[in-house]
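Structural characterization, general
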Amino acid sequence: MSLNPKCHLITVSGGKGGVGKSVLSANLALALQKEMRTPVLLIDLDDKSCGDQSVIIGLRPQKTVLDLTRFSGVVSEQNMKNFLAWHKTGLAYLGAVTGPEQSLSGDPALFGKQLYGFSQYFKYIVVDVGCFLSPLQFSVLELSSAVLVVLSPEVLVINQTKRLLNEMHSATLPSQLFQIVINQAGQGVSTGAIANSLRLPVVAVLPKDEMTSSQALQSAEPFVLSRPTVALSQAYHDMVRRLVGGILQKNKSLIRPKKAEVKTPHSASSPKSSSPVSGRQRELTPLIILKMQIHTELIKEMDLKKDLTQAKDEASQRELRNKTQIVVSKLVDRRGQGLSRQERSQVIKQVLDESLGLGPLEELLADPSVTEIMVNGCDQIFCEKNGKIQLSPVTFTSNQQLRNVIERIVTPLGRRIDEKTPYVDARLADGSRVNAVIEPLSIDGPAVTIRKFPQDRVTISDLVSRFGSMTSPMADFFKICVEQGLNVVISGGTGSGKTTLLNVLSSFIPVNERIITVEDAAELQLKQEHVVRLETRPANMEGTGEVSIRDLIRNSLRMRPDRIVVGECRDGAALDMLSAMNTGHDGSMTTVHANNPREACSRLETLCLMAGMDLPIKAIREQVAGAVNLIIQIGRLSDGSRKVKSVTEVVGLQGDTVTLQEIFRFKEEGFDKNRKIIGQFQAMGMIPTFIEKFEQRGLKIPRSLFTMSSSPKKETPSLLSAGKLGPAAKRPGLRGLSHLPGKKLPPKEGVKKVS
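The shown structure was predicted, so the numbers you read here are calculated from the model rather than taken from an experiment.

Cut-offs applied
Residues numbered from 1 in each chain as written. Predicted model: local features only at pLDDT ≥ 70, side-chain atom pairs only at ≥ 80, totals over all residues. Heavy atoms only, no water. Helix = DSSP H or I, 4+ residues; strand = E, 2+ residues; numbered from the N terminus. Buried < 20%, exposed > 50% of the residue type's maximum accessible area, 1.4 Å probe, protein only. Contact = heavy atoms within 4.5 Å. Areas by Shrake-Rupley, 256 points an atom, 1.4 Å probe, with all protein chains shown as cover. Core = buried A, V, L, I, M, F, W, Y, C linked by side-chain atoms within 4.5 Å. Pairing = 2+ DSSP bridges. Axes fitted to C-alpha atoms, helices over the stretch in contact; angles between N-to-C directions. pLDDT = per-residue confidence, 0-100. Parallel < 35°, antiparallel > 145°, perpendicular 65-115°, else oblique. Nonpolar A, V, L, I, M, F, W, Y, C, P; charged D, E, K, R; others polar.

1. What to know about the overall build of the protein
From N to C terminus, the protein includes 26 helices and 25 strands. Classification of the 755 residues of the protein by burial places 52% in the buried group. A separation of at least 24 residues holds for 65% of the contacts in the protein among residues at least 6 apart in sequence. Summed over all atoms, the accessible surface of the protein reaches about 34500 Å², with 51% contributed by carbon and sulfur.

Structural data, given as structure tokens:
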């Protein structure tokens, strides 16, 4: 929240204690009030304050900053008088603490709100923020018209001041705000040497006068009042005249300038010039040109590639970011004349993100409503938000910066992307899946696709209640099937939610079983304790060393698995997966790209043929029919929602045909007023053939689970919510259901043959 345009906020800080910040703040406020003949507010916001400011001006405040931030109302002229202490000259004062026994505390956001209320009644506000800056102090510094940095002419103090300035630069405060005040001048480092060392203007040089300062402290009356004619007091009045003579107005305009235009070599002649970007014309705005220039100069000043390689732990990464942020802030101050503070902070953040992070993708990755990010060159970033694809306003500075981000993703994983291998699969630290393609395959610049990994793990109840992807009876059915060791194939198109559903179903695997997961890019997040995660490896620069999914599946058979979970079958690995399912590894799961269960079977046959074993088609179909028990078809509908469209049992092989029977189906019935699809899940009335096997294990499942009414209002209640599913049956390697009352299910009923 910005202060009133008529109000100027002057903050006083210093790199070291004992340089006179508190004395300067009090005398400056009184000199300002006397010089401008207007009410002034003095605030003590020193994090280490013991009430020194109260002693200097001779006031004992009854209310403090903490009291102000606890006040939830609006500051009015009446209640303002209750919060503030008033000096005989009319100076208003808000203390940090009432005495040494208290410590300063307060919410930055609430303090900013109340500070805005005070700004309606004062033209000038002076705030002593001390030398230890916390979020509370930074919230005030960001609103300042000027930051007076106080120091004495000593080498150690100058070094501490550099630390403070770096800290402020790191918080993206513009250099134009900083004004140096040399206190206790006389002997020591010269004024010119200090200005050259800090590269900042000196707004005031205050002479050393220990007698005047000492008498003022003893009498609790600032010397600008008690001894207005001495040189020290006159220096304060000179400082006030310099500040109000143009410095405050100039810096205040940076908060909301009338017309913020970046002064670059190109902006004067052609601010909207365009430059070809791999076949597309791209508008180069002044901000983009500025970022490109800052990137170029940053590379000259820092070896970021080397620094990023060495920064492996969190502490060193944080240190590198702070160091880079200081350099970028100074470069922006040098190049970005005329930027508003908001634009300045935006440029600094974007340059930092592109130099050390994932650039504009950081913002999209932090948005929980974004599920997929698609980058088509540096100037086109699409994202899927709440199920709908839309163009994002953020862009990369250049294709080179996008290329750097891609390399930053793949290098820690031991993968590479170059002209010889122009595409790669990888993952982010949070598990999100990444695919990248560069030139010459991608004509309009590097293309990146990121499938985000959800921060909160999706559960079966989320799929039922939040997303409506299935019903409670279907969820119960899936739980039973996984616990009892059925082999499951999840089928669907790209982005339909196959991996998410595989993650959810994997959570039903009993904790006492050993699970091996095999993936191209590790996405599965199983919560069981006994899990071994395997990931493929691409070939090295010599073309050797590749480890494929087939290799990992074959190797996993030697690792004594109870179940094998393969992220996706996309080549000859399907044959190895089916062989594993057929050789005692019941309960294994995988996904496959297909439009319906029948096509999923055909897809598995095609993938098996890619193994190069030259097997007859009937032998492959026998493998499919013998290995797969259940096919779950999931799809993304036109409104962006994802539904389990079909649940189908693989019954067996009849002649040369794999026989299927559908158990559940989602039927679309139209659209509502918001263009959301209306439909319902239906049980097809078919009893799965494996129910007999479950009964032999002591499980009894109500017939109503497969014969529920087509009306959603009369849907069979969840067995889980009804409390009918008890503890797992005690059987080695399996986890079942307790005995349920009711009629025994009929023997194997009619089988629906799907041709």
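2. A word on the nonpolar core
Among the nonpolar cores identified, the biggest contains 84 residues, and L28, F111 and L148 are the most heavily contacted of them. Ranked by residue count, the leading element in this core is helix 11 (residues 231-252), at eight residues. Those residues in contact with F111, other than ones at most four positions away along the chain, are I43, L45, V65, L68, T69, L94, L136 and V140. Judged by nonpolar contacts, the second largest core, of 45 residues, contains M470, A475, V504 and I701.

3. As for the sheet that holds strand 15 (residues 433-437)
The strand order across the open sheet formed by six strands is 13-12-11-16-15-14, and the pairing between neighbours is antiparallel. Two strands bound the open sheet, and with one partner strand each, they are strand 13 (388-391) and strand 14 (423-427). Averaged over all pairs of adjacent strands, the angle between strand axes in this sheet comes to 15 degrees, irrespective of strand direction. Pairing analysis gives five bridges linking strand 11 (residues 370-376) to strand 16 (residues 447-451), with the strands arranged antiparallel. In the sheet register, E372 faces strand 16, and the bridge partner there is R451. Strands strand 11, strand 14, strand 15 and strand 16 of the sheet are contacted by helix 17 (residues 399-410), whose axis makes an angle of about 55 degrees with strand 14.

4. What about the environment of V97?
Summarising the element assignment, V97 is placed in the loop between strand 4 (92-94) and helix 5 (108-118). Overall, the relative accessible area of 1% leaves V97 in the buried class. The spatial distance from the C-alpha of V97 to the C-alpha of D52 is 9.5 Å, given a sequence separation of 45 residues.

5. Focus: helix 22 (residues 573-581)
The α-helix winds at 3.6 residues per turn, so residues separated by three or four positions along the chain end up facing the same way. Judged by how many residues are buried, helix 22 sits mostly within the fold: eight of nine residues are covered. Of all the residues in helix 22, the buried ones are A573, A574, L575, D576, M577, L578, A580 and M581. Contacts made by the buried residues of helix 22 are with strand 17 (488-492), helix 21 (549-556), strand 20 (563-566), strand 21 (589-593), helix 23 (597-609) and helix 24 (617-627).

6. Things to note about the environment of R163
Within the secondary structure layout, R163 lies in helix 7 (residues 155-170). Note: C-alpha distance between R163 and G15 (148 residues apart in sequence) is 6.9 Å. Other than its neighbours up to four places away in sequence, R163 contacts G15 and C131.

7. Focus on the confidence of the model for the protein
Mean pLDDT over the protein stands at 81; residues scoring 70 or higher make up 87%. Ranking the helices and strands of the protein by mean pLDDT puts strand 17 first, with 95, and strand 9 (residues 274-277) last, with 42. Low pLDDT (under 50) marks residues 256-279, which in the prediction has 50 contacts with non-local residues, meaning those over four places away or in another chain. Across residues 719-755, where pLDDT falls below 50, the model places 81 contacts with residues more than four positions away in sequence or in other chains.

8. Concerning the sheet that holds strand 20
Pairing is mixed in the open sheet, where nine strands are placed in the order 19-18-20-21-17-22-23-24-25. Edge positions in the sheet fall to strand 19 (531-535) and strand 25 (677-683), since each of these pairs with one other strand and no more. Averaged over all neighbouring strand pairs, the angle between strand axes comes to 25 degrees, with direction disregarded. Pairing of strand 18 (residues 515-519) with strand 19 involves five bridges; the strand directions are parallel. Residue pairing in the sheet places I515 in a bridge with V531 of strand 19. Along the sheet face, helix 22 touches strand 17, strand 20 and strand 21 and points at about 145 degrees away from the line of strand 21. Of the strands in this sheet, strand 17, strand 21, strand 22 (630-636), strand 23 (642-654) and strand 24 (657-671) are in contact with helix 23, which crosses strand 24 at around 135 degrees.

9. Some words on the packing of helix 22 against helix 23
Between helix 22 and helix 23, whose axes approach to 6 Å, the crossing angle comes to 110 degrees. Our classification of the angle between helix 22 and helix 23 gives roughly perpendicular. Packed against helix 22, whose contacting residues are A574, L575 and L578, the element helix 23 presents L604, L607 and C608 at the interface. Residue classes in the contact of helix 22 with helix 23 are distributed as six nonpolar, no polar and no charged.

10. Let's talk about the packing of helix 15 (residues 341-356) against helix 17
The description of two helices packed together rests on the angle between their axes and the distance between the axes. One way to put it is that helix 15 packs onto helix 17 with a least axis distance of 8 Å and a crossing angle of 50 degrees. Our classification of the angle between helix 15 and helix 17 gives oblique. Contacts between helix 15 and helix 17 involve D353, E354, S355 and L356 from the first element and Q401, V405 and R408 from the second. Across the contact of helix 15 with helix 17, the residue classes tally to two nonpolar, two polar and three charged.

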